[in-house]
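Spelled out from the first residue to the last, the chains are:
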4 protein chains.
Amino acid sequence: MTTGAVSPRRADTRRNHERILAAALESLTTTGEVSFNTIARTAEVGVGTVYRHFPTPDALVLAVYRREVQHLVDVVPSLLEEHTPEQAFRVWTGHLARYMMTKRGLANALRTAPTSPKELFASASEAMRSAISTLLEANVQAGSVRADLDPLIVLRALGGLLYLSPSEDWQSQTERLTDLLWRGMRT
Amino acid sequence: MTTGAVSPRRADTRRNHERILAAALESLTTTGEVSFNTIARTAEVGVGTVYRHFPTPDALVLAVYRREVQHLVDVVPSLLEEHTPEQAFRVWTGHLARYMMTKRGLANALRTAPTSPKELFASASEAMRSAISTLLEANVQAGSVRADLDPLIVLRALGGLLYLSPSEDWQSQTERLTDLLWRGMRT
Amino acid sequence: MTTGAVSPRRADTRRNHERILAAALESLTTTGEVSFNTIARTAEVGVGTVYRHFPTPDALVLAVYRREVQHLVDVVPSLLEEHTPEQAFRVWTGHLARYMMTKRGLANALRTAPTSPKELFASASEAMRSAISTLLEANVQAGSVRADLDPLIVLRALGGLLYLSPSEDWQSQTERLTDLLWRGMRT
Amino acid sequence: MTTGAVSPRRADTRRNHERILAAALESLTTTGEVSFNTIARTAEVGVGTVYRHFPTPDALVLAVYRREVQHLVDVVPSLLEEHTPEQAFRVWTGHLARYMMTKRGLANALRTAPTSPKELFASASEAMRSAISTLLEANVQAGSVRADLDPLIVLRALGGLLYLSPSEDWQSQTERLTDLLWRGMRT
DNA sequence: CATGAATGAGTCTTCATTCAT
DNA sequence: AATGAATGAAGACTCATTCAT
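All values reported here derive from a predicted model rather than from experimental measurement.

Q: Would you mind going over the overall build of chain A with me for this structure?
A: Helices and strands together make up the secondary structure of chain A, namely nine helices and zero strands. For chain A, the succession of helices and strands along the chain, N to C, is α-α-α-α-α-α-α-α-α. Sequence-distant contacts in chain A: of pairs separated by 6 or more residues, those separated by 24 or more amount to 70%. For chain A, the exposed surface amounts to about 9,600 Å²; the carbon and sulfur share of it is 53%.

Okay, here's the thing in structure tokens:
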């Protein structure tokens, strides 16, 4: 009836979407589980609402994943602006390590995703690969690393960061792992 | 009750222990699940028996894990006898990759083990560390790698092998990852 | 609000009514279920609209039922024009059997209708009874059946046709059942 | 430990089986539903126990069904001992009508049984057919009915008894239906 | 009036854990 | 010690019904 205001119903829907994603992220980063019932309870919506927004648990995990991975991708340009290519790479591995540590549950959920790990990685892993690719290209331009590096291999080499646990001296370990890797990468 | 004689009972018990471990390993490497009921069924013992042998699911996973990791540790000496130190290291990473690929379910279970990741790594990760340590020492002796490498860092760098999936060209990827790493390790 | 003019709204409403009935019929004859949500989806209207047109699932089933049964009632006059009374009866039982077989889901839904089986039969069963009544009267006039037959009893005797399944030799079974019944009915 | 008494555990199990069947029968004859949760609640056992005894809802319905149908089959011999063949048949249809009326929910559940209607009828319908067959044979021997009657057709003709509802004058209707049928059956 | 998002009760099913034998 | 039946909490999912727009 009114024209000025955004319809409350519409607002509810959007807010629900947000709340569900937030609840799912929290659940994934803490327990690593994605019980629709629990998420509904946390987000304070009905279970049916969760199902309306995300047909399957996988779809929900995927949505959370995409969103989170995007953070790592988005930070690359600014890193390259503010640092030398080499520094940018090193700082980014720090981001990656921190991300891995915080989102442990998420990482696990991704690995154990029962269905369509294909689609999952097709999009997410590709995003990561392109982020690394950009960093490598900048370094190749600067002459600091070899030109024949496969971003995927570098990504795999960084995979060990997944093992880091908050209790250990992860900062130092990350640096040392990056050092080791860098020695193997440089010209 | 008695300690001197090996009672027939004792034999049964030992056999049960074996069967449970075998069933758990199979379950972990295939489905990645460790349902006590399922394992009991596979091992052809009662659930109660499984509980008697392993108080918690974690204890069972840990036991399986220890056993499996031992294989990777045990192979080191013979590798060093039959190959140059560098070759030994490279061949061992191949073993590691194959192991990771075969025991995917196990690896996942380990990562998602809800409790006591401490104890889990205290023993298992330590075993792996010592295996790498041995390989590194041989290479240091031969002058092929730097003397200041931390085995743990190298182990982390190899962690990316966990991502490999059977469908991909994992052999080539393993070699390339090892190459990259080796460049960073050598003198 | 107004009664004199046929509003465009009215047209929409009538069309919706039709679509809902059509969707319900299809659902009943195929799956035998009457999920309002599913029906709404099939009819391409909102659930609320279905509720507006039919207050309860029963009301909807009843409406579909009435409509379908009418087919069996409407065919009687023409049968009596084109056949002898006895043949008309026999042909009609064939119609009945085919109808039962096609609308199996409908028949089941009717039987399991949780509430108001009263109202359900008050109208639908009455229509069937009158159809049979007409057929019997013609036969009484022709002197081929006894005059003291209760149409309801005859209807019940034909109820066995409900059991027929498409896979069996239902045509022959219908004829034999009709034969048996006819022997009991004739003068 | 004791030898004289049947082990209590064994007794519990058997008692549970009974209670579940009883609860299922009640549920089927009243609401026509077979919710495992509800049945467990009624029988005062855990849901898991119901699952242990009956793997699927169908298996439970089937078990109840077999049991109930058996009653109708078992009564035949005594009827033939105490009555003339014709009377036996008429009394049996009375039993059938009463059974149908009481077990309405059961009958419905049977018709709508989603899976394996095959197996269901292979056993149950066959039992019914043989019951009627016995009654017919006795009558053929006594010369009261024709020898070429197909028990299955007679069973179908009696199917109309399913329609009877307790509120109506079902006794009289049953008799009249049987009369009509008998006229068609006799020599 | 029509729409369809939201709700939540209720069903199915699995599985860790207990415990009587 | 071994067994496995029993239990029930918990998760997945459906669907009737309400209600804001």
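Following the structure, the description resumes.
Q: In this structure, what is going on with the pattern of salt bridges? I would like to understand it.
A: When charged atoms on two side chains of opposite charge get close, those side chains can pair. Throughout the structure, instances matching the rule amount to 24 salt bridges over all chains. The salt bridge partner of R67 of chain C is E18 of chain C, with a shortest N-O separation of 2.8 Å. Of the two residues, R67 of chain C is situated in helix 4 (residues 57–82) and E18 of chain C in helix 1 (residues 8–30); the sequence distance between them amounts to 49 residues. Each of E86, R90 and D179 of chain A takes part in salt bridges that share partners, so that together they form one network.

Q: Please explain helix 8 (residues 151–158) of chain D as it appears in this structure.
A: Structurally, the α-helix is built with 3.6 residues per turn, so residues lying three or four positions apart point the same way. All names here are of chain D. Burial runs high along helix 8: eight of the eight residues are buried. By the burial criterion, the buried members of helix 8 are P151, L152, I153, V154, L155, R156, A157 and L158. In this structure D150 caps helix 8, since a side-chain oxygen of it lies 2.8 Å from the backbone nitrogen of L152.

Q: Help me understand the side chain of N139 of chain B, please; the structure alone is not making it clear to me.
A: All names here are of chain B. Assignment of secondary structure puts N139 in helix 7 (residues 117–141). For N139, the side chain forms a polar contact with the main-chain nitrogen of E86, separated by 3.1 Å. N139 has contacts with P85, E86, F89, S144, V145 and W182, leaving out every residue within four places of it along the chain.

Q: Before we go on, may I ask you to explain the packing of helix 8 of chain D against helix 9 (residues 170–185) of chain D in this structure?
A: When two helices pack together, their arrangement is captured by the angle between the axes and the distance separating the axes. Residues and elements named next belong to chain D. Packing of helix 8 against helix 9 brings their axes to within 11 Å, and their N-to-C directions diverge by 155 degrees. Put simply, helix 8 runs roughly antiparallel to helix 9. Crossing geometry of helix 8 relative to helix 9 is assigned as right-handed. Seen from helix 8, the contacting residues are V154, A157 and L158; seen from helix 9, they are L177, L181 and M185. Of the residues belonging to the contact of helix 8 with helix 9, the class tally is six nonpolar, no polar and no charged.

Q: Can you help me understand unusual backbone geometry in this one?
A: Negative phi characterises most residues that are not glycine, and trans characterises most peptide bonds. At E44 of chain A, a position not held by glycine, the phi torsion is positive, near 60 degrees. If you trace the backbone, E44 of chain A turns up in the loop between helix 2 (36–43) and helix 3 (47–53).

Q: Explain the packing of aromatic side chains to me, please; I cannot follow it from the model alone.
A: In this description, an aromatic ring pair is defined by two values, namely the gap between the centres and the angle between the planes. Residues and elements named next belong to chain D. Within this structure, the stated rule accounts for eight aromatic pairs over all chains. Arranged with centres 5.6 Å apart and planes meeting at 40 degrees, the rings of F89 and W182 form a pair that is tilted. Of this pair, F89 sits in helix 5 (residues 85–102) while W182 sits in helix 9; the two residues are 93 residues apart in sequence, bridging distant segments of the chain. A relative accessible area of 0% places F89 in the buried class.

Q: Honestly, the environment of V75 of chain B in this entry has me stumped. Any pointers?
A: Residue and element names in this part refer to chain B. Residue placement: V75 occurs in helix 4 (residues 57–82). Each C-alpha atom of the pair V75 and W92 lies 8.2 Å from the other, and the pair is 17 residues apart in sequence. For V75, the contacting residues outside a window of four places in its chain are W92 and H95.

Q: When you look at the environment of E126 of chain C in this model, what are you seeing that I'm missing?
A: Residues and elements named next belong to chain C. Locating E126 in the fold gives a position in helix 7 (residues 117–142). Its relative accessible area of 36% is what places E126 among the partly exposed residues. With 26 residues separating them in the primary sequence, E126 and L152 have C-alpha atoms 9.0 Å apart.

Q: Explanation requested: helix 9 of chain D in the structure shown.
A: An ideal rise of 1.5 Å per residue puts 22 Å on 16 residues; helix 9 of chain D measures up with 22 Å between its terminal C-alpha atoms. For helix 9 of chain D, the set of buried residues is W170, Q173, T174, L177, T178, L180, L181, W182, G184 and M185 of chain D.

Q: Before we go on, may I ask you to explain the confidence of the model for chain A in this structure?
A: In regions of low pLDDT, the predicted coordinates are not meant to be interpreted in detail. Residue and element names in this part refer to chain A. Averaged over every residue, the pLDDT of chain A is 82; residues scoring 70 or more account for 79%. Per-residue pLDDT, averaged within each element of chain A, yields its smallest value for helix 6 (residues 104–112) (58) and its largest for helix 3 (94). Across residues 1–6, confidence stays below pLDDT 50; counting only partners more than four residues off in sequence or on other chains, it has one contact. In the predicted structure, residues 112–116 sits below a pLDDT of 50 and forms six contacts with residues beyond four places in sequence or in another chain.

Conventions and cut-offs
Within every chain, residues take consecutive numbers counted from 1 along the sequence as written. Going through the entries in the order they are written, you letter the chains from A and number the ligands from 1. Selection of residues for local features in this predicted model requires a pLDDT of at least 70, selection of side-chain atom pairs for listing and counting requires 80 or more, and totals for whole chains, interfaces and linings are taken over all residues. Side-chain metrics rest on all non-hydrogen atoms present in the structure, leaving aside hydrogens and water. Numbering of helices and strands runs from the N terminus, with a helix taken as a DSSP run of H or I at least four residues long and a strand as a DSSP run of E at least two residues long. By definition in these notes, contact holds between two residues if any of their heavy atoms fall within 4.5 Å. Areas reported here follow the Shrake-Rupley algorithm with a probe of radius 1.4 Å; residue values treat only the protein chains shown as occluding. A side-chain nitrogen of Lys or Arg and a carboxyl oxygen of Asp or Glu constitute a salt bridge if their distance falls within 4 Å. Accessible area is worked out with a 1.4 Å probe on protein chains only. A residue is then buried under 20% of its type maximum, exposed over 50%, and partly exposed in between. The definition of a polar contact used here is a pair of N or O atoms within 3.5 Å, where within protein one atom must be able to donate a hydrogen and the other to accept one, and adjacent residues in sequence count solely through side-chain atom pairs. Geometry is summarised by axes, namely lines fitted to C-alpha atoms with helices restricted to the contacting stretch, and by angles between N-to-C directions that run from 0 to 180 degrees. Each angle is binned into one of four classes, with values under 35 degrees roughly parallel, values over 145 roughly antiparallel, values of 65 to 115 roughly perpendicular, and all other values oblique. Crossing handedness follows the turn of the near helix against the far one: under a right angle anticlockwise gives a left-handed crossing, and clockwise gives a right-handed one. By the convention adopted, Pro, Cys, Tyr, Trp, Phe, Met, Ile, Leu, Val and Ala count as nonpolar, Lys, Arg, Asp and Glu as charged, and the other residues, Gly among them, as polar. A pair of Phe, Tyr and Trp rings is counted when the ring centres sit within 6.5 Å of each other, with Trp represented by its six-membered ring. The angle between the planes then sorts it: under 30 degrees is stacked, over 60 is edge-to-face, the rest tilted. To estimate how far a helix should reach, multiply one less than its number of residues by 1.5 Å. In predicted models, pLDDT denotes the confidence assigned by the predictor to each residue on a 0 to 100 scale.

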